[in-house]
Amino acid sequence: MLRGVLEQLGELGNLVPRYTQPRCLLVRQAAGGCDICQTICPHTAIELAAGSFAIEIDHQRCTGCGLCMQGCPTGALEYDLQTSLQAVQDQRGEPEATLTCSQSGAGGPQLPCLGRVTPALLSAAGAWNQPLTLIHGACEQCSVGSAQVPQQVQEAMRATQRLRSATGRPAQITLRAALPEDSSRALNVSRRGAFGTLLRMGQKQVVQNLPERPLPFVDWSEPAQRTPGEWRWRKQTLKPAPPPDVAVYWPAPVVDDSCIDCPVCANVCPTEAITRELSPEGGVRLLLDLSACTGCMACLRSCPPQAIHEQRQWFPAALEAQILLRESDSVM
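As the structure is a computational prediction, the values presented were derived from the model and not from experiment.

A. Highlighting the overall build of the protein. Counting secondary structure elements, the protein contains eleven helices and 13 strands. The buried share of the protein, taken over its 332 residues, is 52%. Counting only carbon and sulfur atoms, one obtains 53% of the accessible surface of the protein, whose full area is about 16200 Å².

Encoded structure:
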């Protein structure tokens, strides 16, 4: 059994993403459900669990490409971001930082697949003002990812630039296919970065494949852990800090006067970013933690009177305090 676990982790890291059930829209029983991860998986490794509101991942079929994680609108599927962030940070000061696909034949820090690339990772490169080149292989023939990987990475790049527009510093990201000369590309990091890498890896030789740590289970009793790491990092990488009067792109719900004060939006929220407070006098307050909102809009689709609408732009202060979406003297 232990051997099987070690093989599953392999030299490319933790192949199977962490699945946090409370963040899954199937578990939340949101209107319309969600099958993005199942649809986008190129290896039929994800199935909707029969007779239950959850998904199941076939550990034998999963290649760790990350496409399901990239497509999940709620962060229910996650990989460790820390190692990829560290790899980019270690290359700060270089004319070009790189992350390469393990199947590309290119040297440099490698991910199992560029399907692992997320807006938070790209936004971090922008915050550090570090040009970053993403190098992929022949995706049409790849046994790890699929032909749709470049398209998904381009969508992550667009999402990154929308997020970073408020900072005035767009991320300098290039996506391209591997070239023959990339095969001799070394693990090129600054002297300080190389020293840090050696310290983290002890006396071992610096390898190209980025080591990963399996993510621990989320302790749902801790509110801070309910927000996926992807969205926590998106907020942290909003550097330089946007001016107070410049709106940040962060899709989230607003509520109009047709609200009937029912609990549906709070019940379906995958990160509990929406909370509902009842007062002893019978009133209700609907609150939003914008920084915890993933923009999945399950609340909008599930709202019985269709009182919820999407607002995509918010001033930076809204990310720092709870927002009062609605206050009512009595519950109808």
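B. Geometry of helix α9 (residues 229-236). Listed as buried for α9 are Gly229, Glu230, Trp231 and Arg234. Tucked into the core, α9 has its buried residues touching β4 (77-78), α5 (119-127), α6 (149-164) and β9 (248-255).

C. Local environment of the sheet that holds strand β8 (residues 173-177). Across the sheet, four strands lie side by side as β6-β5-β7-β8; this open sheet has parallel pairing. Every other strand in the sheet has two partners, leaving β6 (110-111) and β8 as the edge strands with one partner each. Across two bridges, the pairing between strand β5 (residues 97-101) and β6 is parallel. Bridging across to β6, cysteine 101 finds its partner in leucine 111. Sheet contacts for α5: β5, β7 (132-136) and β8; angle to β7, the most-contacted strand, approximately 145°.

D. View of the sheet that holds strand β10 (residues 274-278). If you walk across this open sheet you meet the three strands as β10-β11-β13, and the pairing is antiparallel. Looking at which strands have only one partner, the edges of the open sheet turn out to be β10 and β13 (323-328). Pairwise comparison of adjacent strand axes, ignoring direction, gives a mean angle of 20° for this sheet.

E. Looking closely at the environment of proline 170. Relative to the helices and strands, proline 170 is located in the loop between α6 and β8. Relative accessible area serves as the criterion here: at 52%, proline 170 is assigned to the exposed category. The spacing of proline 170 and asparagine 129 is 41 residues in sequence and 8.6 Å in space, taken between C-alpha atoms. Setting aside residues no more than four positions away along its own chain, proline 170 makes contact with Gln161 and Arg164.

F. The pairing of β5, seen in detail. Of all five residues in β5, five are buried, a share of seventy percent or more. Along β5, one buried face is formed by Ala97, Leu99 and Cys101 and the opposite face, lined by Thr98 and Thr100, is buried too. As defined by bridge partners, β5 adjoins β7 across four bridges and the pair is classed as parallel. Among the inter-strand pairings, threonine 100 is bridged to a residue of β7, identified as isoleucine 135.

G. Examining the packing of aromatic side chains more closely. Scanning the entire structure with this criterion turns up zero aromatic pairs. Directly above the ring of tyrosine 79 sits arginine 116, whose terminal nitrogen or CZ lies 3.5 Å from the centroid. A cation over a ring is seen here: arginine 234 above tryptophan 231, with NZ or CZ 4.5 Å from the ring centre.

H. Region of interest: α5. Summarising burial for α5: nine of the nine residues are buried, a large majority. Among the residues making up α5, those that are buried are Pro119, Ala120, Leu121, Leu122, Ser123, Ala124, Ala125, Gly126 and Ala127. At its buried positions, α5 is contacted by α4 (82-89), β5, β7, α6, β8 and α9. Trailing α5 by a residue or two, asparagine 129 shows a phi angle of about 55°, which is positive.

About the criteria used
Residues numbered from 1 in each chain as written. Predicted model: local features only at pLDDT ≥ 70, side-chain atom pairs only at ≥ 80, totals over all residues. Heavy atoms only, no water. Helix = DSSP H or I, 4+ residues; strand = E, 2+ residues; numbered from the N terminus. Buried < 20%, exposed > 50% of the residue type's maximum accessible area, 1.4 Å probe, protein only. Areas by Shrake-Rupley, 256 points an atom, 1.4 Å probe, with all protein chains shown as cover. Contact = heavy atoms within 4.5 Å. Pairing = 2+ DSSP bridges. Axes fitted to C-alpha atoms, helices over the stretch in contact; angles between N-to-C directions. Phe/Tyr/Trp six-rings, centres within 6.5 Å; stacked < 30°, edge-to-face > 60°. Lys NZ or Arg CZ within 6 Å of the ring centre and 35° of its normal.

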